[in-house]
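Results of the structural survey
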Protein chains: 2
Amino acid sequence: MEIKIMKNILDRNQNKADEVRNLLAEKKVVMINLISSPGAGKTTLLEKTLGELTKKYRIAVIEGDITTDRDARRLQKFNIPIIVINTEGGCHLDSHSISKALGSFFLDELDVIFVENVGNLICPSQFDLGETFKLAIVSTTEGDDKPAKYPMLFREAKGVVLNKMDLISYTNFSLESFRKDLQMINPALPLLEISCTRGDGMNEWFEWISRQIES
Amino acid sequence: MEIKIMKNILDRNQNKADEVRNLLAEKKVVMINLISSPGAGKTTLLEKTLGELTKKYRIAVIEGDITTDRDARRLQKFNIPIIVINTEGGCHLDSHSISKALGSFFLDELDVIFVENVGNLICPSQFDLGETFKLAIVSTTEGDDKPAKYPMLFREAKGVVLNKMDLISYTNFSLESFRKDLQMINPALPLLEISCTRGDGMNEWFEWISRQIES
């Protein structure tokens, strides 16, 4: 019985996601769905990325949070359109709330929309938002076993950002083991090793994400 | 419609949770539900805790994971009963799977059951397993804003373990801000600041958890 209910919810989500995807294609807007555990550094990555990418793209942000507008407030300095979706306990964004949020933007005046999903390595990967692609963000302090233990996201993502490289030497994180697990799950998945605070790999990240936006 | 479905699922979960709670009370077994983000250190905390507490209590473990038995294998050295529940994509444990797992233990020969829930700061806090109490585990590398952004767990928990104190000086984690947010959400909530790798606060943790088990 629960399986049937889940299928209905996912079907309704998929229909709306297809509608969103068609609209974005028509308007030539790239939408990127950022997914990670709580505290992997999605908002910090967005801060750094907006600082660079707003020089060449017209960008908006959709902030998914259970409660509070804390993340959105960290991005206010960029003077770009930001919509906060508070899920009030809900563990992921869905295509219906994204569709509503898009209604508040002037899509003809945008190139890119970043969606910061609710901090959760599981549920958000099961709900298509109509995004152009998903990005997985993990951090070295979470441990190297996350792809093996939470494989769904890593099968779906177009790239993996490994953040907090500045802290790796204080942990028992094995890059070799992490890369090997990723390889098993999704052999072609690009891996970007960065530190948002220290700056490691940020230029490579800006170049890579710009290529994805333009391709 | 989705709200009604969710209510049905939660009602069915609650009935079974009540049954589990009654059974555990009758058998005088304390069941502790450990909840955190992926990578906050639940399994490492369990390793350290079993090393100490198996000296005085008869302990079993239920390991909740989406897939793999990696966490369970880390605990095999203790030679205690361990059941792995693979949720196959499910984002939390529920009382039905716990009830089945309890059927595999000899409850008359146990004092304590630790349940390591699926790594997720959201969904597990909404599903009563029939546990004696919930514990929230967070780590300094996740950032100090987790209680404010994910309040449900912190309202329900009997205590908060703040792990990875050895890494706090490499982050922008503010203990003052973290404590202030916790105070707003749940003023009486005990906070244990520890480092499983360096040993900070571990004796206080062993004493505190022993008191909870015996009370």
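Since the structure is predicted, the reported quantities are computational estimates derived from the model, not experimental observations.

**Comments concerning the nonpolar core**
One recurring pattern in soluble globular proteins is that nonpolar side chains are buried together. I122, F154 and V160 of chain A together with I122, F154 and V160 of chain B are the most contacted members of the largest nonpolar core, which has 45 residues in total. Among the elements of the structure, strand 5 (133–139), helix 6 (151–156), strand 6 (159–163) and helix 7 (175–185) of chain A together with strand 5 (133–139), helix 6 (151–156), strand 6 (159–163) and helix 7 (175–185) of chain B are those that each provide at least two residues to this core. Beyond its immediate sequence surroundings of up to four residues, F154 of chain B is in contact with A136, V138, K146, P147, V160, L182, I185, N186 and L189 of chain B.

**A word on unusual backbone geometry**
Residue and element names in this part refer to chain A. Even without glycine at this site, K28 takes up a positive phi of about 55 degrees. You can call K28 exposed: its relative accessible area is 69%. One non-glycine residue, E88, lies in positive phi territory at about 50 degrees. By the secondary structure assignment, E88 is in the loop between strand 3 (82–86) and helix 4 (95–102).

**Description of the pattern of salt bridges**
For the structure on display, the rule yields 36 salt bridges over all chains. Counted as one network, the salt bridges with shared partners bring together R21, D128, E131, K134 and E156 of chain A.

**Quick word on the interface of chain A and chain B**
With 36 residues of chain A at the interface, the matching set in chain B holds 36 residues. Overall, the association of chain A and chain B removes approximately 3100 Å² of surface from exposure, summing both partners, and the carbon and sulfur fraction of that is 59%. Of all residues in chain A, P38, R70 and K149 of chain A give up the largest surface area on contact with chain B, accounting jointly for 19% of the area buried on that side. Put simply, chain A and chain B have six salt bridges between them. Note that K149 of chain A and D71 of chain B form a salt bridge whose closest N and O atoms lie 2.7 Å from each other. Across the chain A-chain B interface, the total number found is 13 residue pairs in polar contact (both at pLDDT 80 or more). Put simply, the parts of the chain that give the side of chain A that touches chain B at least two residues each are helix 1 (2–26), helix 3 (70–75), helix 5 (146–149) and helix 6 of chain A. Per-element accounting of the side of chain A that touches chain B gives the leading share, four residues, to helix 1 of chain A.

**A few points about the pairing of strand 4 (residues 112–116) of chain B**
Residue and element names in this part refer to chain B. For strand 4, the buried fraction is high: five of the five residues fall into the buried class. Here strand 4 shows two buried faces, one formed by V112, F114 and E116 and the other by I113 and V115. Pairing geometry for strand 1 (residues 30–36) and strand 4, over five bridges, is parallel. Opposite N33, over in strand 4, you have V115 as the bridge partner. Here five bridges tie strand 2 (residues 59–65) to strand 4, and the two strands are oriented parallel to one another. If you follow V61 over to strand 4, its bridge partner there is F114.

**Quick notes on the confidence of the model for chain A**
Here chain A averages 96 in pLDDT, and 99% of its residues register 70 or above. Predicted complex, confidence summary: ipTM 0.92, pTM 0.95.

**Digging into the relation of the copies chain A and chain B**
Here chain A sits on chain B after a turn of 180 degrees about the axis and a move of 0.0 Å along it, with an RMSD of 0.0 Å. On the angle and the small slide along the axis, the relation comes out as a two-fold axis. A high fraction, 100%, of the interface residues of chain A reappear at the interface in chain B, so the copies pair face to face through one surface.

**Describing the pairing of strand 2 (residues 59–65) of chain A**
All names here are of chain A. When you tally the buried positions in strand 2, you get seven out of seven residues, the bulk of the element. Neither face of strand 2 is exposed, since I59, V61, E63 and D65 on one face and A60, I62 and G64 on the opposite face are all buried. The pairing of strand 2 with strand 3 spans five bridges and is classified as parallel. Each residue of the ladder has a partner; that of E63, found in strand 3, is V84. Once the chain exits strand 2 it traverses helix 3 before rejoining the sheet at strand 3, and the crossover so formed is right-handed.

**Some details on helix 8 (residues 202–214) of chain A**
Between the first and last C-alpha of helix 8 of chain A there are 18 Å, a value that for 13 residues agrees with the 18 Å anticipated at 1.5 Å per step. Restricting attention to buried positions, one finds in helix 8 of chain A the residues M202, W205, F206, W208, I209, S210, Q212 and I213 of chain A.

**Things to note about the sheet that holds strand 5 of chain A**
Either a parallel or an antiparallel arrangement is found when strands of a sheet pair, and the pairing is made through backbone hydrogen bonds. Residue and element names in this part refer to chain A. Taken together, the seven strands give an open sheet; going across it, the order is 3-2-4-1-5-6-7, and neighbouring strands pair in parallel fashion. With one partner strand each, in any of the chains shown, strand 3 and strand 7 (191–193) form the two edges of the open sheet. Direction aside, the axes of adjacent strands within the sheet are offset by 20 degrees on average. Relative to the sheet, helix 7 contacts strand 5, strand 6 and strand 7, its axis offset from that of strand 7 by approximately 160 degrees. Strands strand 1 (30–36), strand 4 (112–116), strand 5, strand 6 and strand 7 of the sheet are contacted by helix 8, whose axis makes an angle of about 165 degrees with strand 5.

**Considerations on empty space enclosed by the protein**
Counted according to the given criterion, the structure contains one cavity of 30 Å³ or more. For the largest cavity, the calculated volume is near 30 Å³. Lining the largest cavity, in full, are P38, G39, A40, S139, T141, E142 and K164 of chain A together with G39, S139, T141, E142 and K164 of chain B. Class assignment for the residues of the lining of the largest cavity results in two nonpolar, six polar and four charged.

Cut-offs used in this document
- Residues numbered from 1 in each chain as written.
- Chains lettered and ligands numbered in written order.
- Predicted model: local features only at pLDDT ≥ 70, side-chain atom pairs only at ≥ 80, totals over all residues.
- Heavy atoms only, no water.
- Core = buried A, V, L, I, M, F, W, Y, C linked by side-chain atoms within 4.5 Å.
- Buried < 20%, exposed > 50% of the residue type's maximum accessible area, 1.4 Å probe, protein only.
- Helix = DSSP H or I, 4+ residues; strand = E, 2+ residues; numbered from the N terminus.
- Contact = heavy atoms within 4.5 Å.
- Salt bridge = Lys/Arg side-chain N within 4 Å of Asp/Glu carboxyl O.
- Buried area = accessible area lost by both parts, 1.4 Å probe.
- Polar contact = N/O pair within 3.5 Å; in protein donor to acceptor, adjacent residues only side chain to side chain.
- Pairing = 2+ DSSP bridges.
- pLDDT = per-residue confidence, 0-100.
- Least-squares fit on C-alpha atoms with pLDDT ≥ 70 in both.
- Right-handed = clockwise from strand over helix to strand, strands pointing away.
- Expected span 1.5 Å × (residues − 1).
- Axes fitted to C-alpha atoms, helices over the stretch in contact; angles between N-to-C directions.
- 1 Å grid on protein atoms, 1.4 Å probe; cavity = no way out; pocket = protein on both sides within 12 Å on 5 of 7 lines; lining within 4 Å.
- Points joined across faces, edges and corners; volume = space filled by probe spheres on them.
- Nonpolar A, V, L, I, M, F, W, Y, C, P; charged D, E, K, R; others polar.

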